[in-house]
Every structure is written in structure tokens, then in C-alpha cells.
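Structure assessment
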Amino acid sequence: MIHWTTTASGQEHSARWRSESGALAPHRVVLADDTLAADAAYRMACEGTGLLWQGDFQNARHLLQALMRRADARSAGRGGSARGRGKGRAPKPAAAAAGVTPEQAFHLHRQAQAQRARTLGQVLIPVEGDYRIALRRAPDLQQVLTQAWGPATGEPCVVSLRELLGLVGAFEWRKKGVEIPALGAPPGNRIHPHYGVFSPVRGEYIDLVAAAPLPAGAKAQAFDIGTGTGVLAAVLARRGVQRVVATDQDPRALACAQDNLQRLGAAASVEVVQADLFPPGRAALVVCNPPWVPARASSPIEHAVYDEGSRMLRGFLAGVAEHLAPGGEAWLILSDLAEHLGLRPRAQLLEWIAAGGLRVVERHDVRPRHAKAADSTDPLHAARAAELTSLWRLATA
């Protein structure tokens, strides 16, 4: 719950705090409206004060954009008109710090991202129990919120404007879908990511799965471990695999995969199962695309990228041999970004492969095509520019 006081009457109010990202509720909340200056708002946001908006909804969006400009200017070391001091001050990007290691640069970068998110998350929007927003010029977001949160419960809540706009973006992504050339020609080649499920926007790893030679017997049955949107299960089905068992432990991912497989006409070939890693039985092909970076996730959706202690990677390598049919292969899809960041050495990966009773048959590599790989201003540019995404073909030793 969050609490605030009406200035005129001194009356106490409270409402449930809602954050899909797991952000903590602001420790202090004040009412704010169109008269609040951006510099004052930024100063309070840096101090951790929540600004519960009572004015025009579109003006709240403009204020958030102004806070973004100030946060980015400070992070880049350019300052800005609001240069508050103290705990709200964000660290400079890792690229600007002299003599830091790649690992230190990564942690500084994430620290800066987290501080930026905390600051920008302080503009708060009240949401009615039926998902209406009773502010001037507020859009109708009832369909958006129902899709992300489920049916309305009748209980009012408060959510950060930044997260609310993220829900709108996710709604549009789901409606439009992501074109996957490996699934064939449009329009029947789109994956529609649900809210909270990582979108397959980096398509190079999908191309690796679409092109690697299938091991003998793989067309009878394959496993897709950590299916997410179901994109790799769909690719395997399009390649002629008669039965794919796709697993995930996230209910949102399971619903998303089922929805996409139905859209693509692959539901008859793919069974979606809730499991932490492996389903029962064996298959001639077991595919896994685990999170690539061994670091702590700061929100649920980050679990698709960050895997503290390489838990999923280690679990897959330790257990996959027991789920391979004779002569079968395990396909590990993994970026080496963690190696370039100094977070996990190649020798450690090879040690885990050997400890799992596996050997490397072949490795297929591809360079990333995403924009950050070519962005020299990115704090992690050196690591991103050197990154390779690989499909490791593994067999029992």
C-alpha cells in the first residue's frame, strides 16, 4: 500500500501499489498536477518521492519526457538544469570511467540503469477498480490492462506512468507481432509476444536453429527447453519434427507459446508443458536457449536475459545427457557476451560441458545484427562489438 495526504483537507488516503517490475513503493507520496515544474519534479523524484498525478494525463507524459531528458543528461555527464546531489545522483556511464575492467563497466552500467528506472518511476497514475483512469485526456486502457493484469478486481491501485506506458507498448507489440523469416513467408510468419515474455527481436539465434543439420531421429521427437514465445518449437515443427515438447515454468510464457503455436498452425505438433527444464523421457534433439548473462535480474522479464549464477545453463548441461536418445544431440544456443564482459570465462563453460558427460560436435557462430552492436556510444560497446552468438552441437562423451 502507498499513503498520501490531501493538502487542502489533511485527509489521509491509501491505495494498493502495483508494479509488474517488482519496484518498491515510493517511501513518500505527494500530489502533483500541471503546475509542477520539471526541475522541482526531477529533484523530488531523485529523492525517491512519488508524484501522484492529479492533472492532465498528457501533461504527465510530457513531464516524464522532461525527466528522461534530465536523467540522460546527468548520466552522460552533461548536467542539465536540475543537478540535485545526494542519493538520487546517478553514476556516469561505464564508458566514461577510466581504467575500469569490462566487468566493472557492466556493473556500473546496470547501476546507472537501475537509478534511472527508479527516478523515472516516481510519476504515479491512479487506476480505478475497473481499470479506468479518471484523469483529463486519459486514454481508455481497459483492454491493455486486462490483457496484462487479467480481469479487473474492483480494487483501485496506483502504478508508475513509465510502467503503464510499457504495458501499452507491449500491447502493441503483441497485436503487431514480430516477423520471423525462418518461419516462412508473411503473413504467416509472425510471433506475438505476450506481456512479460521476452520478444524474439534478435533473430540471428533463430536462424542458427533453422539451418543446423538435424541429428538422426530428430524428426520423430525433440525438446525445446525454456520455450518462451514458442518460436524455436515452431521452427522445429516447420523443419518437419513430428513431435516437439516445449517446456517453460512461467505461466505467461506457456500461454504465449500456446497462442503462437495455434496462430502458426503448429499446435498439433507441439505439446506445451510446464516444467523447470526437462520433460519426462528422451529425445534425439534437445534445444535450449538459456539467458546469456550471469547476473541478477531486477524485474521478471529480465529473467530471459539475466540468470544469476548461470543456474539454467548449468542445469541444462548437467542434466541433458539423461534426456538424449542414443546418438542424439543437445543444441545450446548461447551468446559469448558474458565472456567479453568478464562475467563467465570460456574455460568455465567448457568445464560444465565436460562435467555433464558431453562433448562438442560442432559450433555454428553468427554475429549479432542489433543496433547496439554498432553503437559506439553504448557503455558496453567493446563487448557488444566482439560478441558472437553460437549454436553448440553437443553429444554424449
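Rules of the game
Residues numbered from 1 in each chain as written. Predicted model: local features only at pLDDT ≥ 70, side-chain atom pairs only at ≥ 80, totals over all residues. Heavy atoms only, no water. Helix = DSSP H or I, 4+ residues; strand = E, 2+ residues; numbered from the N terminus. Polar contact = N/O pair within 3.5 Å; in protein donor to acceptor, adjacent residues only side chain to side chain. Contact = heavy atoms within 4.5 Å. Pairing = 2+ DSSP bridges. Axes fitted to C-alpha atoms, helices over the stretch in contact; angles between N-to-C directions. Phe/Tyr/Trp six-rings, centres within 6.5 Å; stacked < 30°, edge-to-face > 60°. Buried < 20%, exposed > 50% of the residue type's maximum accessible area, 1.4 Å probe, protein only. Lys NZ or Arg CZ within 6 Å of the ring centre and 35° of its normal. 1 Å grid on protein atoms, 1.4 Å probe; cavity = no way out; pocket = protein on both sides within 12 Å on 5 of 7 lines; lining within 4 Å. Points joined across faces, edges and corners; volume = space filled by probe spheres on them. Nonpolar A, V, L, I, M, F, W, Y, C, P; charged D, E, K, R; others polar. UniProt positions renumbered as here; feature names shortened; annotations may be inferred. Disulfide = S-S within 2.5 Å. Arc of directions from axis to C-beta.

By the secondary structure assignment, glutamine 221 is in the loop between helix 6 (204-211) and strand 9 (222-225). Within polar-contact distance, the side chain of glutamine 221 engages the side chain of arginine 243 at 2.4 Å. Among the polar contacts made by the side chain of glutamine 221, one reaches the main-chain carbonyl oxygen of arginine 282 at a distance of 2.8 Å. Once you skip the residues sitting within four places of it in the chain, glutamine 221 turns out to touch Val241, Arg243, Val245, Arg282, Ala283, Ala284 and Leu285.

Moving on: the sheet that holds strand 13 (residues 324-335). Adjacent strands of a sheet form backbone hydrogen bonds with each other and so pair up, either parallel or antiparallel. Taken together, seven strands build an open sheet; the order of strands is 11-10-9-12-13-15-14 and the sheet is mixed. The sheet is open, and its two edges are formed by strand 11 (270-274) and strand 14 (358-366), each paired on a single side. With strand direction ignored, the average angle separating the axes of adjacent strands in the sheet is 20°. Together, strand 10 (244-248) and strand 11 form the strand contacts of helix 8 (residues 251-263), whose direction differs from that of strand 11 by roughly 170°.

Time to look at the sheet that holds strand 4 (residues 49-53). Strand order in this open sheet of six strands is 1-2-6-5-4-3, and the pairing throughout is mixed. Looking at strand neighbours, the two that pair on one side only are strand 1 (2-5) and strand 3 (28-32), the edges of this open sheet. On average, each strand axis in the sheet is tilted by 40° relative to the strand beside it, whichever way the strands run. By the bridge criterion, four bridges tie strand 5 (residues 123-127) to strand 6 (residues 157-160) in an arrangement that is antiparallel. Looking across to strand 6, one finds that isoleucine 125 is bridged to valine 159.

For the rest of this paragraph, the subject is the packing of aromatic side chains. A complete count under the given rule lists four aromatic pairs for this structure. Measuring from centroid to centroid gives 6.3 Å for tyrosine 205 and tryptophan 292, while their planes differ by 90°, and the two rings are edge-to-face. Placement of the pair is tyrosine 205 in helix 6 and tryptophan 292 in the loop between strand 12 (283-288) and helix 9 (311-319), with a sequence separation of 87 residues. You can call tyrosine 205 buried: its relative accessible area is 9%. Arranged with centres 5.9 Å apart and planes meeting at 20°, the rings of phenylalanine 278 and phenylalanine 316 form a pair that is stacked. You can see phenylalanine 278 sitting in the loop between strand 11 and strand 12 and its partner phenylalanine 316 sitting in helix 9, a full 38 residues away along the chain. Under the relative-accessibility criterion, phenylalanine 278 is labelled buried at 15%. Across the ring face of tyrosine 306, the terminal group of arginine 110 is positioned such that the distance to the ring centre comes to 3.9 Å. Taking NZ or CZ as reference, arginine 363 lies 5.2 Å from the ring centre of tryptophan 392, over its face.

Here the focus is the environment of glycine 356. Of note, glycine 356 is situated in the loop between helix 11 (346-355) and strand 14. For glycine 356, a relative accessible area of 10% gives the class buried. Here the alpha-carbon distance between glycine 356 and proline 26, two residues 330 residues apart in the chain, equals 46 Å. Residues in contact with glycine 356, not counting those within four places in the same chain, are Leu317, Ala318 and Ala321.

What follows covers the layout of surface pockets. Size it by volume and the second largest pocket reaches roughly 180 Å³. Forming the boundary of the second largest pocket are 13 residues, of which Ala105, Pro379, Leu380, Ala382 and Ala383 lie nearest the centre. Going through the elements one at a time, helix 3 (102-120) and helix 12 (381-386) are the ones with two or more residues in the lining of the second largest pocket. Its residues assigned to classes, the lining of the second largest pocket shows nine nonpolar, three polar and one charged.

Now for the UniProt feature "domain: Methyltransferase small" (unreviewed entry) in the protein. Here the UniProt feature "domain: Methyltransferase small" (unreviewed entry) sits at residues 191-335. Helix makes up 26% of residues 191-335 and strand 23%, and the two end C-alpha atoms of the span are 22 Å apart.

On to the state of the cysteines. Using the criterion set out here, one finds zero disulfides in the structure. Not engaged in a disulfide, the cysteine cysteine 288 finds its nearest cysteine sulfur in cysteine 256; these two sulfurs lie 17 Å apart. A residue is classified by how much of its surface remains accessible, and cysteine 288, at 0% relative accessible area, is buried.

For the structure shown, the criterion picks out one cavity of 30 Å³ or more. Its volume calculated, the largest cavity comes out at about 30 Å³. If you go around the largest cavity, the residues you meet are Leu334, Ser335, Asp336, Glu339, Arg346, Leu349, Leu388, Ser390 and Trp392. Those elements that provide at least two residues to the lining of the largest cavity are strand 13, helix 11 and strand 15 (389-396). Of the residues contributing to the lining of the largest cavity, the split by class is four nonpolar, two polar and three charged.

Here the focus is helix 1 (residues 38-46). Three or four residues apart is the spacing at which side chains of an α-helix point the same way, because the helix has 3.6 residues per turn. Among the residues making up helix 1, those that are buried are Ala38, Ala41, Tyr42, Ala45 and Cys46. Take helix 1 and look down its axis: the buried residues cluster within an arc of 130°, on one side only. Among the structural elements, strand 4, helix 2 (57-75) and helix 3 are those in contact with the buried residues of helix 1. A positive phi of about 90° marks glycine 48, the residue just after helix 1.

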